[in-house]
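Listed below are the residues making up each chain.
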Amino acid sequence: MSSLRIARVAAVALVATAAPLVAQSNEVTRAVAGGGIAAPGWAGAVDAQEAKAGMTLANQKLATEGAGLRVTTGPATTYWNTKAAVSGDYTVKATFTEPKYQNLNDHPHPYGIVVAASGLDGAEGQALYCAAYGTGTFIMRGFAPAAFRVGAPRPTAHPAIAKAAGPGQPVKQEIAIAVKGDKVSCMINGAEVGSWPKSDVVGAGKLKSTDGFAGIRVGHNAEVVVTGFAVTK
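The model shown is predicted, which means the values in this text are computed figures rather than measured ones.

Caption draft 1: Summary view of the side chain of His220. Within the secondary structure, His220 is located in the loop between β17 (212-218) and β18 (222-232). A distance of 3.4 Å separates a polar atom in the side chain of His220 from a polar atom in the side chain of Glu27.

Caption draft 2: Representation of the pattern of salt bridges. Scanning all chains against the criterion turns up 4 salt bridges. With a shortest N-O distance of 2.6 Å, Glu65 and Arg70 are connected by a salt bridge. Taking relative accessible area as the criterion, Glu65 reaches 35% and is therefore assigned partly exposed. Of the charged contacts, one joins Glu192 and Lys183 as a salt bridge, the two residues approaching to 3.2 Å between their closest N and O atoms. Among the charged side chains, a salt-bridge network with shared partners connects Glu65, Arg70 and Glu223.

Caption draft 3: Looking closely at the pairing of strand β7 (residues 77-86). Here β7 lies mainly inside the structure; 7 of its 10 residues are buried. Note: strand β4 (residues 42-46) against β7, 5 bridges, orientation antiparallel. Counted as the bridge partner of Gly44 is Tyr79 from β7. The sheet contact formed by β7 and β17 spans 6 bridges and is antiparallel. Its bridge partner being in β17, Thr78 is matched across the sheet by Arg217.

Caption draft 4: Structural view of the sheet that holds β18. The 8 strands are arranged β3-β5-β6-β18-β8-β14-β15-β16 in an open sheet whose pairing can be described as mixed. Either end of the sheet is taken by a strand with one partner, and the two such strands are β3 (36-37) and β16 (191-197). Sheet analysis places strand β15 (residues 183-188) next to β16, joined by 6 bridges and oriented antiparallel. Note that in β16 the partner of Cys186 across the bridge is Gly194.

Caption draft 5: Fine view of the state of the cysteines. Here the structure, examined in full by the defined rule, presents 1 disulfide. There is a disulfide in this structure between Cys130 and Cys186, and the S-S distance comes to 2.0 Å. Looking along the S-S bond of the Cys130-Cys186 disulfide, the torsion reads about -75°, which is the left-handed sense. Of this pair, Cys130 sits in strand β10 (residues 126-132) while Cys186 is found in strand β15, placing the two residues 56 residues apart along the sequence. Overall, the relative accessible area of 0% leaves Cys186 in the buried class.

Caption draft 6: Spotlight on the packing of aromatic side chains. As enumerated under the stated definition, the model contains 3 aromatic pairs in all. Here the aromatic rings of Trp42 and Phe229 are separated by 5.1 Å at their centres, their planes lie at 65°, and the arrangement is edge-to-face. Residue Trp42 is located in strand β4, and its partner Phe229 is located in strand β18; the two are separated by 187 residues in the primary sequence. You can call Phe229 partly exposed: its relative accessible area is 23%. Stacked on the ring of Tyr129, the Lys or Arg Arg217 has its end atom at 4.6 Å from the ring centre.

Caption draft 7: Expanded view of the nonpolar core. Counting residues in hydrophobic clusters, the biggest one holds 43 residues, and the most contacted among them are Phe96, Leu128, Met140 and Ile188. Contacts of Ile188, omitting those with residues within four sequence positions, involve Cys130, Ala132, Phe138, Ala160, Ile161, Gln173, Glu174, Ile175 and Val193. In this structure, Ala45, Val114, Tyr129 and Ile139 belong to the second largest nonpolar core, which totals 11 residues.

Caption draft 8: Structural detail: unusual backbone geometry. The amide bond that connects Thr73 to the next residue, Gly74, takes the cis arrangement and shows omega of 20°. Tracing the chain through its elements places Gly74 in the loop between β6 (68-73) and β7. Residue Pro145 is reached from Ala144 by a cis peptide bond, and omega for that bond is -5°. Secondary-structure assignment places Pro145 in the loop between β11 (137-143) and β12 (147-150). Backbone geometry at Ala116 places phi at a positive 60°, although glycine is not the residue there. In this fold, Ala116 is placed in strand β9 (residues 111-118). In this structure, Asn189 takes a positive phi of about 55° despite not being glycine.

The rules behind each value
- Residues numbered from 1 in each chain as written.
- Predicted model: local features only at pLDDT ≥ 70, side-chain atom pairs only at ≥ 80, totals over all residues.
- Heavy atoms only, no water.
- Helix = DSSP H or I, 4+ residues; strand = E, 2+ residues; numbered from the N terminus.
- Polar contact = N/O pair within 3.5 Å; in protein donor to acceptor, adjacent residues only side chain to side chain.
- Salt bridge = Lys/Arg side-chain N within 4 Å of Asp/Glu carboxyl O.
- Buried < 20%, exposed > 50% of the residue type's maximum accessible area, 1.4 Å probe, protein only.
- Pairing = 2+ DSSP bridges.
- Disulfide = S-S within 2.5 Å.
- Phe/Tyr/Trp six-rings, centres within 6.5 Å; stacked < 30°, edge-to-face > 60°.
- Lys NZ or Arg CZ within 6 Å of the ring centre and 35° of its normal.
- Core = buried A, V, L, I, M, F, W, Y, C linked by side-chain atoms within 4.5 Å.
- Contact = heavy atoms within 4.5 Å.

Right, dumping it as structure tokens:
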């Protein structure tokens, strides 16, 4: 190997180890100044790969804003309301607004509703979430504790999901997960964008149960205002 090639490799290695940042889709996870959870009754956990890279809840920020919440990430984080334990049949919903689409990232990141959350502050945590993108698409995913997919492997488009007019513009989505009998559904802006038999989310390598805490999830490097968080039976 030439001395020039060696110098280039060394330079790349130096840059890669210069800061505890997580590379995801060619975008690094940024630490949020003054971070932490400042909303009473809420708890959270950063994604496992973020934690392995040294990211913690101090690198994101969840705070009250009026009657709602403002979330600024940082590492991708799952939050749960410690007073919102759900079981049996239920619906969990909230409205998510990106005041300025992609203001903290170079590509769209998802946000949405979490159910069945338990043990996320340990090694055997589980959760199920439905999340939307400002591109008019959504995903249904879970942890058990390894990540698993529900439905399509990639984000799926649906005409009910709002699309941002462009970077820096606002976009709003009302997102809900409903568990009823043997059916688990995701609704966005009043439309059922996907539904699955419970066996698709509960079983080996998946959830132990759809019972647990309800909450929200926000992908890395995103800023979202959450209003109207509610659980109904």
